[in-house]
Amino acid sequence: MSTVPVQPPDLPSTSISFSPSQKTGVVGYVAAIAGIALVTVVLEPIREHINSTTVALALLLVVLFVATVWGMRQAVLASVVGMLCFNFFFLPPVRTFTIADPDNWVALGAFLVTAVTAGHLSASARQRAEEAEIGRVEIERLYRELQAAFERESHLEAIRQSEQLKSALLDAVTHDLRTPLTSIKVSVTTLLDETDPGADFALDREGQHELLQIIDEETDRLNRFIEGLVGLARIEAGKFSLRRTWNAVDEVIAAALHRAESQTRRHRIILELAEELPSVRVDAHAIAEVIYTLVENAAKYSPPETVIAISAKTLPGEFVQISIEDQGIGVPVEEHEKVFEKFYRVASTHGTDPGHPTSLGLGLSIAQGIVEAHGGKIWMTAGYSGKGTCVSFTIPIGDDEPEGPGHNAGTETDSAG
Ligand code: ATP
Ligand code: MG
């Protein structure tokens, strides 16, 4: 059987107890009487040598002090006690409550009114200060609550985003790893079967070479994919550091075009460089990677024999703008921003093709990471001639060190790509 504890009923306490505010109130009344008494005791023996105004001011001082520290009620008590002492000890005839001179009635009345008014004023000033303090404490509390709620919410949002990112990554990785792996597996199995002594058919040299070529291309593709992922992860983790040095813009462009030679062999490259381009303080390797990515896209998504134009000019405000324009299939306007998202591929570009052999949807997001780490911007527009695509980016010339994550200018560590 369970027992239920019985609470003793609340009995009224026999001893009188005061709350802290009541205690300070009582102290105030005592202090009011004691203060007036002290002033009276000190001034009474020298009454002959001082005039009644001095006495009134000294008593008033006590009233003000009491009002400021304890409040209105204590100040009224001090005023009344002060008035009585003023009358009894200082206004002739002394040691009586009678007043001979009518002027002294006026003085006494003036003292009482002044004391009560001044007491009231300082007490309400004190109350206002207290209210302001309560308001301040309340605002601080609300602010802290708001901050805590905001932190909780953004933490949840961060978790949600990272979950979304994880599943998007998994989808993309599964697809992009499986396709080349399947090709490699099929090629290797065929080659193995063929080298089996009991095999009843034999591939000619050309057939063998073709399969080996597939393996070669697909392993390259896998390698590129892993490199892209690692580069992107590094940019996103803020571990992407720049090795900034002063570089001529045309040299950086030339290095990128040299790298893209095999992809652009069937296109017509046009260079439009403004005169007197300034040097820029950038990570030359990383910026060349951006230009290479854009030129590679231009070549990949436009037919052979069309023009790819690379232009560079100075912008007001110490920026250089580089644009890569092609005459290809173009990207619908509503997707001009989305192409910078990772793994994003424009459906109309790829059609039903499960993926261009080297199309991962990572190039532009990596390029954006690099450009933004330099303190610049990157965007896509339609080609100026009305067809094709133009991708432009800006980079600061580089007098000022940009701040913020990823802008570890001058640190000697790896850059992506
Ligand atoms: P990779 O990671 O190998 O570069 P990708 O080229 O598909 O793959 P991004 O460079 O990021 O990836 O480009 C994203 C998508 O934007 C492309 O798949 C393509 O659909 C579209 N795109 C990019 N550049 C152009 C262009 N110049 N013309 C037409 N479409 C383009
Ligand atoms: Mg690309």
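In this text, all values refer to a predicted model and were calculated from it rather than measured experimentally. (Residues numbered from 1 in each chain as written. Chains lettered and ligands numbered in written order. Predicted model: local features only at pLDDT ≥ 70, side-chain atom pairs only at ≥ 80, totals over all residues.)

A few words now on the overall build of the chain. Counting its regular elements, the chain contains 10 helices and seven strands. Within the span of the chain, comprising 417 residues, buried residues form 27% of the whole. Across the chain, contacts joining residues at least 24 apart in sequence account for 74% of those joining residues at least 6 apart. (Helix = DSSP H or I, 4+ residues; strand = E, 2+ residues; numbered from the N terminus. Buried ≥ 20, exposed ≤ 12 C-beta atoms within 10 Å, placed from the backbone. Contact = placed C-beta atoms within 7 Å.)

On to the site of ligand 1, then. Around ligand 1 lies a shell of 23 residues, among which Tyr301, Val346, Thr349, Gly363 and Leu364 are the nearest. Taken together, the elements giving at least two residues each to the shell around ligand 1 come down to α8 (284–300) and α10 (363–373). The element contributing the most residues to the shell around ligand 1 is α10, with three residues. Residue classes in the shell around ligand 1 are distributed as 10 nonpolar, 11 polar and two charged. (Near = placed C-beta within 6 Å. Nonpolar A, V, L, I, M, F, W, Y, C, P; charged D, E, K, R; others polar.)

Moving on, we get to the packing of helix α5 (residues 205–236) against α10. Where α5 contacts α10, the axes come no closer than 10 Å and their chain directions differ by 35 degrees. Considering the relative orientation of α5 and α10, their crossing is left-handed. The residues of α10 that touch α5, namely those facing Gly228, Gly231, Leu232 and Ile235, are Ser365, Ile366, Gly369 and Ala373. A class-by-class count of the residues in the contact of α5 with α10 yields four nonpolar, four polar and no charged. (Axes fitted to C-alpha atoms, helices over the stretch in contact; angles between N-to-C directions. Left-handed = near helix turned anticlockwise from the far one by under 90°.)

Time to look at the confidence of the model for the chain. Scored by pLDDT, the chain has a mean of 84; 88% of the residues are at 70 or more. Note on residues 1–14: pLDDT under 50 across the span, and zero contacts to partners over four residues away in sequence or across chains. Segment residues 402–417: pLDDT under 50, and 38 contacts once partners within four positions in sequence are set aside and those in other chains are kept. (pLDDT = per-residue confidence, 0-100.)

Attention now moves to the packing of helix α2 (residues 52–69) against helix α3 (residues 72–90). The N-to-C vectors of α2 and α3 enclose an angle of 160 degrees; their axes lie 8 Å apart at closest approach. As the angle between them shows, α2 and α3 are arranged roughly antiparallel. Between α2 and α3 lies a crossing of right-handed hand. Only Met72, Gln74, Ala75, Ala78, Ser79, Gly82, Phe86 and Phe90 of α3 make contact with α2, whose side of the interface consists of Ser52, Val55, Ala56, Leu59, Val62, Val63, Val66 and Ala67. Grouping the constituent residues of the contact of α2 with α3 by class yields 12 nonpolar, four polar and no charged. (Parallel < 35°, antiparallel > 145°, perpendicular 65-115°, else oblique.)

An order of β2-β4-β5-β7-β6 is seen for the five strands of this open sheet, with the pairing classed as mixed. The open sheet has two edge strands with one neighbour each: β2 (268–273) and β6 (378–382). When the angles between neighbouring strand axes are averaged without regard to direction, this sheet yields 15 degrees. Two strands pair when backbone bridges link them, and strand β4 (residues 307–315) and strand β5 (residues 319–326) are joined in this way by eight bridges, in the antiparallel orientation. Bridged to Thr314 within β5 is Val320. Against the sheet, helix α6 (residues 249–259) contacts β2, β4 and β5, and its axis sits at roughly 155 degrees relative to β4. (Pairing = 2+ DSSP bridges.)

Let's shift gears to the nonpolar core. Counting 44 residues, the largest nonpolar core has Ile287, Val290, Ile291 and Val295 as the members making the most contacts within it. Take this core: its biggest share by element is 11 residues, from α8. Beyond its immediate sequence surroundings of up to four residues, Val295 is in contact with Ala256, Leu257, Ala260, Thr264, Ile308, Ile310 and Ile324. In this structure, Leu59, Val66, Trp70 and Leu91 belong to the second largest nonpolar core, which totals 24 residues. (Core = buried A, V, L, I, M, F, W, Y, C linked by C-beta atoms within 7 Å.)

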